[in-house]
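# Observations on the three-dimensional arrangement
So you can see what is in the structure, the chains are spelled out below.
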Amino acid sequence: MERWVDHAGLTVDEVRGVLAGEAPGEGLLRRLAAALRFHVVDLFILAGLPVPDDVAPLDAGAERWVPGIVMDAVCLPVGSRRELLQLVGSLPQEERRSAFTPR
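Just so you know, these numbers come straight off a predicted model, no measurement behind them.

## Some words on the overall build of the chain
Of the regular secondary structure elements, the chain holds 6 helices and 0 strands. Based on the C-alpha atoms only, the size of the chain along its principal axes is roughly 45 × 35 × 20 Å. Counting the 103 residues in the chain, one finds 17% classified as buried. Pairs at least 24 residues apart make up 42% of the contacts formed inside the chain by residues separated by at least 6 positions. With an accessible surface of roughly 8,100 Å², the chain has 58% of that area assigned to carbon and sulfur atoms. Side chains of the chain give 11 positive and 15 negative charges; the mean places of these two sets differ by 5 Å.

So this is what it looks like as structure tokens:
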């Protein structure tokens, strides 16, 4: 436990408090997610806290396209997967249409 606690910049008391049922703060969840290699949004949902806009998906409905894209991408050579990832990262971002509500 100490390795990831140190990596996240957390104190042992902070982690023990959360494990004992104390509500974690936003900063703690963000640091903990990085240390555990979790998506920040997942920890907010697991903690039952509202998801901050900066980590919420811009278009929650887009998730229906992800499985097909991933299945197609898996069949690509490594270089083409990198190219696809760069292309996706270069696409323009739209404004958020509505508040994110996790299911």
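## Describing unusual backbone geometry
What is expected of a backbone is that most residues other than glycine have negative phi and most peptide bonds are trans. Phi at Arg37 takes a positive value of approximately 60°, unusual for a residue other than glycine. Residue position: Arg37 is located in the loop between helix H3 (26–36) and helix H4 (40–46).

## Description of the nonpolar core
Listed in full, the 11 residues of the largest apolar core are Leu10, Val15, Leu28, Leu29, Leu32, Ala33, Val41, Leu43, Phe44, Val51 and Ala56. Mapped by element, the contributors of at least two residues to this core are H3 and H4. The greatest single-element share of this core, amounting to 4 residues, is contributed by H3.

Each value, and the rule that gives it
- Residues numbered from 1 in each chain as written.
- Predicted model: local features only at pLDDT ≥ 70, side-chain atom pairs only at ≥ 80, totals over all residues.
- Heavy atoms only, no water.
- Helix = DSSP H or I, 4+ residues; strand = E, 2+ residues; numbered from the N terminus.
- Buried < 20%, exposed > 50% of the residue type's maximum accessible area, 1.4 Å probe, protein only.
- Contact = heavy atoms within 4.5 Å.
- Areas by Shrake-Rupley, 256 points an atom, 1.4 Å probe, with all protein chains shown as cover.
- Lys, Arg positive; Asp, Glu negative; His and termini not counted.
- Charge placed at Lys NZ, Arg CZ, Asp CG, Glu CD.
- Core = buried A, V, L, I, M, F, W, Y, C linked by side-chain atoms within 4.5 Å.

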